[in-house]
Amino acid sequence: MSLTTPEGRSATSPLTATRRTGLVDQVIEQMRGAISRGDWPLDQRIPPEPELVNALGVGRNTVREAVRALAHAGLLDVRQGDGTFVRATSEICGALRRLYGTRLREVLQVRRVLEVEGARMAATERTEAELAGLTEILAERDRAIAREDLETVLDADTRFHRKVVTCSHNELLIELYQGLTETFRASVASTLDGDGPGHKIEHSGLLDAIADRDPDRAGEEAGGFFQELIDHYGQPRS
């Protein structure tokens, strides 16, 4: 089945006709799969209801119930008169994005918890090749800061932090962090926006500590710049 994109182009449908048992659950799973695979990109409008009905071979009520369930889970955003948009690629990211707008401080606190321990483990577990990769990413970030290219700063900063956690070689920590990358990238963007101090925070001390295989100093460096950001954004609102 071919669907029409928001721009009016024809696209191959990521959906197939469902069986006649557990229709709502099947539709939810297919739509969740289209979101997680990127067939329906983040922040973009999904196909309109009539196209979903035709592609899935179910009734309107089934599609509406599935959309409501995914909206409740935080994956979709139903905008009256404008359509339904992809809000997040997983339930956990959806939950954090609902909180994110007024709770940047809490997101930074969660990042600190994960990244301080990630930095400590990276200092003892990283390979020479991984250290070279961290060095190059940080150099790219610094060059982008110098030319005031904030989009590249955002990309490089996000990749640097993710790479540090990857260097821990703790698969559970890496998987948990990757599941939150979307929200964490948004937090980086906010610290770069307006008077945000994100682009002024140095990461060279953390890189040096990881290079020296000093876990205590690596943890202190990671905790230090997160505390600087947390302090900047003040106390949580009552």
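Residues numbered from 1 in each chain as written. Predicted model: local features only at pLDDT ≥ 70, side-chain atom pairs only at ≥ 80, totals over all residues. Heavy atoms only, no water.

Peer 1: Which parts of the structure should I look at to understand the overall build of the protein chain?
Peer 2: Secondary structure summary: the protein chain contains 11 helices and 4 strands in total. Burial status across the protein chain gives 42% buried among its 238 residues. Within the protein chain, counting contacts between residues at least 6 apart in sequence, those at least 24 apart form 67% of the total. Entry remark: accessible area of the protein chain is about 12,300 Å², with carbon and sulfur atoms responsible for 49%. (Helix = DSSP H or I, 4+ residues; strand = E, 2+ residues; numbered from the N terminus. Buried < 20%, exposed > 50% of the residue type's maximum accessible area, 1.4 Å probe, protein only. Contact = heavy atoms within 4.5 Å. Areas by Shrake-Rupley, 256 points an atom, 1.4 Å probe, with all protein chains shown as cover.)

Peer 1: Quick question: what am I supposed to make of the packing of helix α5 (residues 104-125) against helix α9 (residues 181-192) here?
Peer 2: How two helices pack is summed up by the angle between their axes together with the distance between the axes. For the pair α5 and α9, interaxial distance at closest approach is 10 Å and the crossing angle is 120°. In terms of orientation, α5 and α9 fall into the oblique class. Taken as a pair, α5 and α9 cross one another with a handedness that is left-handed. For the pair α5 and α9, the contacting residues are L104, V107, L108, V110, R111 and L114 in the first and T183, F184, S187, V188, S190 and T191 in the second. Tallied by class, the residues present in the contact of α5 with α9 amount to 7 nonpolar, 4 polar and 1 charged. (Axes fitted to C-alpha atoms, helices over the stretch in contact; angles between N-to-C directions. Parallel < 35°, antiparallel > 145°, perpendicular 65-115°, else oblique. Left-handed = near helix turned anticlockwise from the far one by under 90°. Nonpolar A, V, L, I, M, F, W, Y, C, P; charged D, E, K, R; others polar.)

Peer 1: Which parts of the structure should I look at to understand the confidence of the model for the protein chain?
Peer 2: The predicted coordinates ought not to be read in detail in places where the model reports low pLDDT. Residues at a pLDDT of 70 or more form 81% of the protein chain, whose mean pLDDT is 84. Averaged over each element, pLDDT in the protein chain is lowest for strand β1 (residues 2-4) (51) and highest for helix α10 (residues 204-211) (96). (pLDDT = per-residue confidence, 0-100.)

Peer 1: Help me out: how do you make sense of the pairing of strand β4 (residues 83-86) in this one?
Peer 2: On a regular strand, one side chain projects to one face of the sheet and the next to the other, so that they alternate. In the sheet, strand β3 (residues 76-79) pairs with β4 via 4 bridges, with the strands oriented antiparallel. Following the sheet pairing, D77 is matched in β4 by F85. Hairpin connection between β3 and β4: a loop of 3 residues separates the two successive antiparallel strands, and G81 in this loop has a positive phi of roughly 80°. (Pairing = 2+ DSSP bridges.)

Peer 1: Explain the packing of aromatic side chains here, please?
Peer 2: Two numbers describe a pair of aromatic rings. These are the distance of the centres and the angle of the planes. Taken as a whole and judged by the stated rule, the model has 2 aromatic pairs. Summarising the aromatic geometry, the rings of Y177 and F184 are spaced 5.0 Å apart at their centres and angled 55° between planes, so their arrangement reads as tilted. Like F184, Y177 is buried. When the ring of F225 is compared with that of F226, the centres are 5.1 Å apart and the planes differ by 45°; the resulting orientation is tilted. Accessibility assignment for this pair places F225 and F226 in one class, buried. Over the face of the ring belonging to F85 we find R79, whose NZ or CZ atom lies 3.9 Å from the ring centre. (Phe/Tyr/Trp six-rings, centres within 6.5 Å; stacked < 30°, edge-to-face > 60°. Lys NZ or Arg CZ within 6 Å of the ring centre and 35° of its normal.)

Peer 1: Looking at this structure, I do not really get the pattern of salt bridges. What am I missing?
Peer 2: Two side chains carrying opposite charge are able to pair once their charged atoms lie near each other. Inspection of the entire model under this criterion finds 17 salt bridges. Linking D216 and R120 is a salt bridge whose minimum nitrogen-to-oxygen distance equals 2.8 Å. Remark: R120 occurs in helix α5 and D216 occurs in helix α11 (residues 215-232); sequence separation between them is 96 residues. On the accessibility criterion, R120 (29% relative accessible area) is partly exposed. A salt bridge links D155 to R159, with the nearest nitrogen and oxygen atoms 3.0 Å apart. Linking D155 with R159, this pair stays in helix α7 (residues 150-166), spanning 4 residues, or about one helical turn. (Salt bridge = Lys/Arg side-chain N within 4 Å of Asp/Glu carboxyl O.)

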